[in-house]
2 protein chains.
Amino acid sequence: MRIVKEAAERKNEILDAAEELFAARGYEETSTGDILDRVGIARGTLYYHFRSKEEILDALIGRLNRTMIARAEKAAGDRDVPVVERIIRTILCMNPETGGFPVGHEVMEQVHKPQNALMHQKMQQGLLDGVVPVITRLVEEGNAQGIFHTGYPRETTEMLVLYSGAAFDSRLGGEPEQEARRVKAFIHNTELLLGAESGSLEAPMARLFPQVK
Amino acid sequence: MRIVKEAAERKNEILDAAEELFAARGYEETSTGDILDRVGIARGTLYYHFRSKEEILDALIGRLNRTMIARAEKAAGDRDVPVVERIIRTILCMNPETGGFPVGHEVMEQVHKPQNALMHQKMQQGLLDGVVPVITRLVEEGNAQGIFHTGYPRETTEMLVLYSGAAFDSRLGGEPEQEARRVKAFIHNTELLLGAESGSLEAPMARLFPQVK
DNA sequence: CTCAACCGACAGGTTGTCGGTCGATACGCA
DNA sequence: TGCGTATCGACCGACAACCTGTCGGTTGAG
């Protein structure tokens, strides 16, 4: 006897299953059949709710991105916290480890494997589109307060987000030693780019990122 | 009657066909059957020379990357040219349009489509691994000459390469107006990061990149 | 004669389609 | 109010079409 549910609910069930499977095996290695089995529905039902396998991926990434951007906006909007610290917190929202991720911790691990290039690219694009504007506003706020001095808030933010993204992935490679050095370089270069006072980022960074030393 | 060729030659024929097809339709949209037909060989022959479809992609990207890195190293080693200009020329080697690409102009266009995420990722990784060390050496040379002053040559180079890569792709989006602004920001921020004298990059850049104004 | 290079049928698996079925809800009517 | 029935969204599963990789067997150059 078959169970009928509201479309929105079924869709979410499918996305839940897809999330677990993609997290465990990756996108390419998961077949629509696997999703079918896990949800307990028939082939036709899946394609009643989604046009294609890729549309499932898009929907899932949209769901993940939405929660992350919400976190980022919350971190960015906390008026009680100084701007520098808010920027760091917002950037950390993008990182699965430091971000205290709501869901999809395992998804993020999969995302970094080369097998899941499509997933990775779509997530990163979502990040760029979603987070860059938020941080840009913070940078402009810092400019207005006179603690930053950059003529290119948007573009500078893009640079910072891209770099931190690549560093969080293992795309840049290197030993732990090199990674630590990368963090120091990131802090130093961020100060340069934003025109912030030398050392003004180090203190808040150390507070939020204790392992940096 | 069947034609027998040396393995290396056949392999190159297969890569040639793959290059054209990937350029026209992308990696995922090209089947091994398409490659078979174009080369005029049988299924078994293809898999005699390559273990899998993905190995074909890897070999092709390796071929493309090798030629590009050769160009980059040539540009970087030209002792008659000032360091700043060599850096710019080397970075431009990565760009299909400004780089006077040897082959694969169309490949690069495909690479930017989201469908070809795997291709894109593998190429970018090759770039990072291949070009970053070359430019890092140039930055260190500039440090030694006293025209740059950065404590993080490697990491700063990574930032610059990542950003220019993303800007060359359309990952950052935006109107032509915004893109022009991005180029200006790139020049300005590069000066900041390298600790170069303000304006010292603008002149060589304008010479090599006339459309910037 | 030997072996690298080649062949093509075939197994196994995948995505997406399509005609048809089921069940909740609304509706007509007594 | 109670009861057939019409409707339509949700669901089903067989199936077509395709795709990758394998394998035993063949060929021709040296």
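This is a predicted model, so every value here is computed, not measured.

Our next topic: the protein's contact with DNA strand C. DNA strand C sits among 23 residues. The nearest are R2, T32 and R43 of chain A together with G44 and H49 of chain B. Protein-proximal atoms of DNA strand C, defined as those within 4 Å of the protein, fall in sugar or phosphate at a share of 59%. Between R2 of chain B and DNA strand C, the recorded distance is 2.9 Å, taken from a side-chain N or O atom to a base oxygen. Take A7 of chain B: an N or O atom from its main chain is 3.4 Å from a phosphate oxygen of DNA strand C.

The subject of this paragraph is the packing of helix α8 (residues 153-168) of chain B against helix α9 (residues 176-194) of chain B. Residue and element names in this part refer to chain B. Taken N-terminus to C-terminus, the directions of α8 and α9 make an angle of 175°; their axes are 11 Å apart at the nearest point. Between α8 and α9, the crossing angle belongs to the class labelled roughly antiparallel. Contacts between α8 and α9 involve T156, M159, L160, Y163 and S164 from the first element and R182, F186, T190, L193 and L194 from the second. Grouping the constituent residues of the contact of α8 with α9 by class yields six nonpolar, three polar and one charged.

Another aspect to go through is a negative patch on the surface. On the surface, E28 and E29 of chain A together with E28 and E29 of chain B cluster together into a negatively charged patch. Inspection of the secondary structure assignment puts E28 of chain A in the loop between α1 (7-25) and α2 (32-39).

Let us now look at the environment of R207 of chain A. All names here are of chain A. Structurally, R207 is set in helix α10 (residues 202-208). Under the relative-accessibility criterion, R207 is labelled exposed at 53%. Separated by 122 residues in the primary sequence, R207 and E85 place their C-alpha atoms 9.3 Å from one another.

Turning our eyes to something else, we now look at the nonpolar core. The biggest cluster of nonpolar side chains holds 67 residues, and the ones touching the most others in it are I87, I135 and F148 of chain A together with I87, I135 and F148 of chain B. Not counting chain neighbours up to four residues away, the residues in contact with I135 of chain B comprise I87, T90, I91, T157 and V161 of chain B. Listed in part, the 44 residues of the second largest apolar core include I56 and I61 of chain A together with L36 and L118 of chain B.

Turning to the environment of G195 of chain A, a few remarks are in order. Residues and elements named next belong to chain A. Structurally, G195 is set in the loop between α9 (176-194) and α10. The spatial distance from the C-alpha of G195 to the C-alpha of F148 is 5.1 Å, given a sequence separation of 47 residues. If we skip the residues at most four places from it in the chain, G195 touches I147, F148 and H149.

What counts and what doesn't
Residues numbered from 1 in each chain as written. Chains lettered and ligands numbered in written order. Predicted model: local features only at pLDDT ≥ 70, side-chain atom pairs only at ≥ 80, totals over all residues. Heavy atoms only, no water. Near = heavy atom within 4 Å. Polar contact = N/O pair within 3.5 Å; in protein donor to acceptor, adjacent residues only side chain to side chain. Axes fitted to C-alpha atoms, helices over the stretch in contact; angles between N-to-C directions. Helix = DSSP H or I, 4+ residues; strand = E, 2+ residues; numbered from the N terminus. Parallel < 35°, antiparallel > 145°, perpendicular 65-115°, else oblique. Contact = heavy atoms within 4.5 Å. Nonpolar A, V, L, I, M, F, W, Y, C, P; charged D, E, K, R; others polar. Patch = residues over 30% accessible without salt bridge, like charges linked within 9 Å, V, L, I, M, F, W, Y side chains within 5 Å. Areas by Shrake-Rupley, 256 points an atom, 1.4 Å probe, with all protein chains shown as cover. Salt bridge = Lys/Arg side-chain N within 4 Å of Asp/Glu carboxyl O. Lys, Arg positive; Asp, Glu negative; His and termini not counted. Charge placed at Lys NZ, Arg CZ, Asp CG, Glu CD. Buried < 20%, exposed > 50% of the residue type's maximum accessible area, 1.4 Å probe, protein only. Core = buried A, V, L, I, M, F, W, Y, C linked by side-chain atoms within 4.5 Å.

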